[in-house]
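# Secondary and tertiary structure notes
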Amino acid sequence: MLDLKGKKALVTGSTRGIGKAIAHKLAKAGADVVVTGTTEEKAKEVAESLKSYGVNAIGVKMDIRDDKSIEDAFERINKEFGEIDILVNNAGITRDTLFIRMSDKDWEDVINVNLNGTFRVTKRVVRSMIKKRWGRIINMSSVIGFAGNQGQTNYSASKSALLGFTKSLAKELGPRNITVNAVAPGFIETDMTAVLPEEVRERYKSNIALGRFGSPEEVADVVLFLSSDMASYITGEIIHVNGGML
Ligand SMILES: NC(=O)c1ccc[n+]([C@@H]2O[C@H](COP(=O)([O-])OP(=O)(O)OC[C@H]3O[C@@H](n4cnc5c(N)ncnc54)[C@H](O)[C@@H]3O)[C@@H](O)[C@H]2O)c1
């Protein structure tokens, strides 16, 4: 059943785009949700809107580049909300440029958020999942982690690293009834992709079997499924949501 009543979820980077759509789907299915982002104001705003589904929701500032910010966020979450059953590692950034021009900072910023941030946040939730012998961890990868792309060596490296992370952690946590999966979206209409020039968008579109870009809700539906008991025998998998792009 896609019923998440009684479950507590945390979605990183859920102030907009795919993360926000995931927060809405999970709350609509009955889960209590922690909305997190780099500013508290936006996180609170989204959390308030989730309460219309009759669930508990809080908005917390959590910058996943920064251990202290994560520690402060979890202090609040543990006090005001409780232990997390469903973790969606969604927050991610791009710093696109050709490799020949890529600075150390472009490389480090992307690896630090997309990969190291996922490591840091996951560390905070696994212990209580192990104790409860139930948990769902869903990592947001990308089609670019499979196919590669010009100007995205940093992003592609971070997103394919998440696949190895997902598969290994699934093996470690499987015996504790915790599933770990990844979702690999293709081209999704969000602020992240809105910055791409029209000619690049058209080029991408011509490589998509369904002939259109995806919506954040279409990615969120898959995350909802993986969070639920309907996906209880799926772990270590990567689910592609790309309209037929590979
Ligand atoms: N949009 C796409 O086409 C697409 C395709 C494949 C994968 N993805 C992945 O999906 C995820 C969401 O993408 P989106 O398109 O919604 O992006 P977005 O830029 O619209 O949203 C990203 C979210 O991450 C948050 N974030 C950024 N840096 C952070 C940090 N240091 N700490 C905490 N939160 C931070 C932002 O505040 C925002 O809420 C990302 O991991 C992205 O790589 C997106």
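Residues numbered from 1 in each chain as written. Predicted model: local features only at pLDDT ≥ 70, side-chain atom pairs only at ≥ 80, totals over all residues.

What follows is about the overall build of the protein. Within the protein one finds 9 helices and 7 strands. For 246 residues, the compact-globule estimate of 2.2 N^0.38 gives 18 Å, and the C-alpha radius of gyration of the protein, at 17 Å, lies within 12% of that figure. In terms of its C-alpha atoms, the protein occupies a principal-axis envelope of roughly 45 × 35 × 35 Å. Relative to its 246 residues, the protein shows a buried fraction of 43%. The contacts in the protein between residues at least 6 apart in sequence include a share of 70% that link residues at least 24 apart. (Helix = DSSP H or I, 4+ residues; strand = E, 2+ residues; numbered from the N terminus. Rg over C-alpha atoms; globule rule 2.2 N^0.38 Å. Buried ≥ 20, exposed ≤ 12 C-beta atoms within 10 Å, placed from the backbone. Contact = placed C-beta atoms within 7 Å.)

To continue, consider the environment of isoleucine 86. Here isoleucine 86 is to be found in strand S4 (residues 86-89). In this structure, isoleucine 86 is in contact with Lys7, Ala9, Leu26, Ala31, Arg136 and Ser227, ignoring residues within four places of it in sequence.

Looking now at the sheet that holds S4. Spatially, S3-S2-S1-S4-S5-S6-S7 is the arrangement adopted by the 7 strands of the open sheet, whose pairing is parallel. In this open sheet, the two edge strands, each paired with only one partner strand, are strand S3 (57-61) and strand S7 (238-241). Within the sheet, the average angular offset between the axes of one strand and its neighbour, ignoring direction, is 15°. For strand S1 (residues 8-11) and S4, the ladder comprises 3 bridges, and the chain directions are parallel. Bridge pairing links alanine 9 to isoleucine 86 in S4. Relative to S3, helix H3 (residues 67-80) is tilted by about 160°, and along the sheet it contacts strand S2 (32-37) and S3. (Pairing = 2+ DSSP bridges. Axes fitted to C-alpha atoms, helices over the stretch in contact; angles between N-to-C directions.)

What follows covers the confidence of the model for the protein. Mean pLDDT over the protein: 97, with 100% of residues reaching 70 or higher. Ranking the helices and strands of the protein by mean pLDDT puts S4 first, with 99, and helix H7 (residues 191-194) last, with 88. (pLDDT = per-residue confidence, 0-100.)

Here we take up the site of the ligand. Around the ligand, the surrounding shell holds 27 residues, and the nearest of these are Gly13, Gly17, Gly92, Thr190 and Met192. Put simply, the parts of the chain that give the shell around the ligand at least two residues each are helix H1 (17-28) and H7. (Near = placed C-beta within 6 Å.)

Moving on, we come to helix H6 (residues 153-173). Helical geometry note: an α-helix holds 3.6 residues per turn, so side chains three or four residues apart project in the same direction. The terminal C-alpha atoms of H6, which comprises 21 residues, lie 30 Å apart, in line with the 30 Å expected from a rise of 1.5 Å per residue. Three or more residues of H6 are buried, namely Asn154, Tyr155, Ser156, Ser158, Lys159, Leu162, Phe165, Thr166, Leu169 and Leu173. (Expected span 1.5 Å × (residues − 1).)

Mapped onto the fold, valine 33 is located in strand S2. Classification of valine 33 by C-beta neighbours within 10 Å gives buried; the count is 32. Along the chain, valine 33 and isoleucine 86 lie 53 residues apart, while their C-alpha atoms are 9.2 Å from each other. The contact partners of valine 33, leaving out residues within four places of it in the chain, are Ala9, Val11, Ala23, Leu26, Ala27, Leu50, Val55 and Ala57.

With that out of the way, let us pick up the packing of H3 against helix H4 (residues 104-132). Where H3 contacts H4, the two axes come as close as 11 Å, and the packing angle between them is 30°. Of the possible angle classes, the one that applies to H3 and H4 is roughly parallel. Note that H3 runs across H4; the crossing there is right-handed. Residues Asp67, Ile70 and Phe74 of H3 form the contact with H4, whose participating residues are Arg120, Val121 and Arg124. Of the residues contributing to the contact of H3 with H4, the split by class is 3 nonpolar, no polar and 3 charged. (Parallel < 35°, antiparallel > 145°, perpendicular 65-115°, else oblique. Left-handed = near helix turned anticlockwise from the far one by under 90°. Nonpolar A, V, L, I, M, F, W, Y, C, P; charged D, E, K, R; others polar.)

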